[in-house]
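Observations on the model geometry
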Amino acid sequence: MKSVRWLSMLSFILLLAACAKPMSVSSSFDWTADFDGYRTWFWVDGKPALMDALLGDDMTDQFIRRAVTEELTGKGLAVRADEPDLLVRYTTRIREAVAATPGDLGYSYQWRWVREGVGRGQAESVGRGFLTIELIDRRAGTLVWQGTAGGGITDERDAQGKIPHAVKKVFEQYPPKR
């Protein structure tokens, strides 16, 4: 009996996981860049993640900067304000779309079988958020790597909750494998 309950719970969890919309992640890079030579990085705007917390900047900006700092540090790159090898910047955008579901159709019998609309269609606003992170070679002044994550979001709070996972997924593709 316990195994049947456990098996049904596992099936339910797998079903939920299959229905969840996956986050799309992509990256591109400059084939001529020497990624092994990059050891240090800093933000393009010159503002470290700690500065955001002190000045009370936008919460989403804080979440992104902290997650990027954690991932790049984990990759062995050190934060250095004076003459870093890489400059980092990010952009975000939200695209709204409308998901429409047509109403049900059915048949009824009056004096003959007639197909008629019996339900109303539904429309809902669906948001899709995108985060793009770019790494720029400071000496050459060229973009050497770009990673983008995109997925469904409902509001700003939902987006903030997904930032660490999105940044982690993006940086799984850095450094690029040739």
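Quick look at the structure, then. Everything quoted here is computed from the prediction, not taken from an experiment.

Here's the deal with the side chain of Thr-132
Position of Thr-132 among the secondary structure elements: in strand S7 (residues 122-137). Engagement of the side chain of Thr-132 in a polar contact is seen with the side chain of Thr-148, the distance being 3.2 Å. Ignoring sequence-local partners within four residues, the contact set of Thr-132 consists of Arg-89, Tyr-90, Thr-91, Gln-146, Gly-147 and Thr-148.

Details of the environment of Asp-137
Following the sequence through the fold, Asp-137 ends up in strand S7. Of the residues examined, Asp-137 reaches a relative accessible area of 12% and is grouped as buried. A C-alpha to C-alpha distance of 8.5 Å links Asp-137 and Ala-33, two positions 104 residues apart in sequence. Excluding residues within four positions of it along the chain, Asp-137 makes contact with Tyr-38, Asp-85, Leu-86, Thr-142 and Val-144. Among the polar contacts listed, one links the side chain of Asp-137 to the backbone nitrogen of Ala-140, at a separation of 3.1 Å.

What counts, and at which threshold
- Residues numbered from 1 in each chain as written.
- Predicted model: local features only at pLDDT ≥ 70, side-chain atom pairs only at ≥ 80, totals over all residues.
- Heavy atoms only, no water.
- Helix = DSSP H or I, 4+ residues; strand = E, 2+ residues; numbered from the N terminus.
- Polar contact = N/O pair within 3.5 Å; in protein donor to acceptor, adjacent residues only side chain to side chain.
- Contact = heavy atoms within 4.5 Å.
- Buried < 20%, exposed > 50% of the residue type's maximum accessible area, 1.4 Å probe, protein only.

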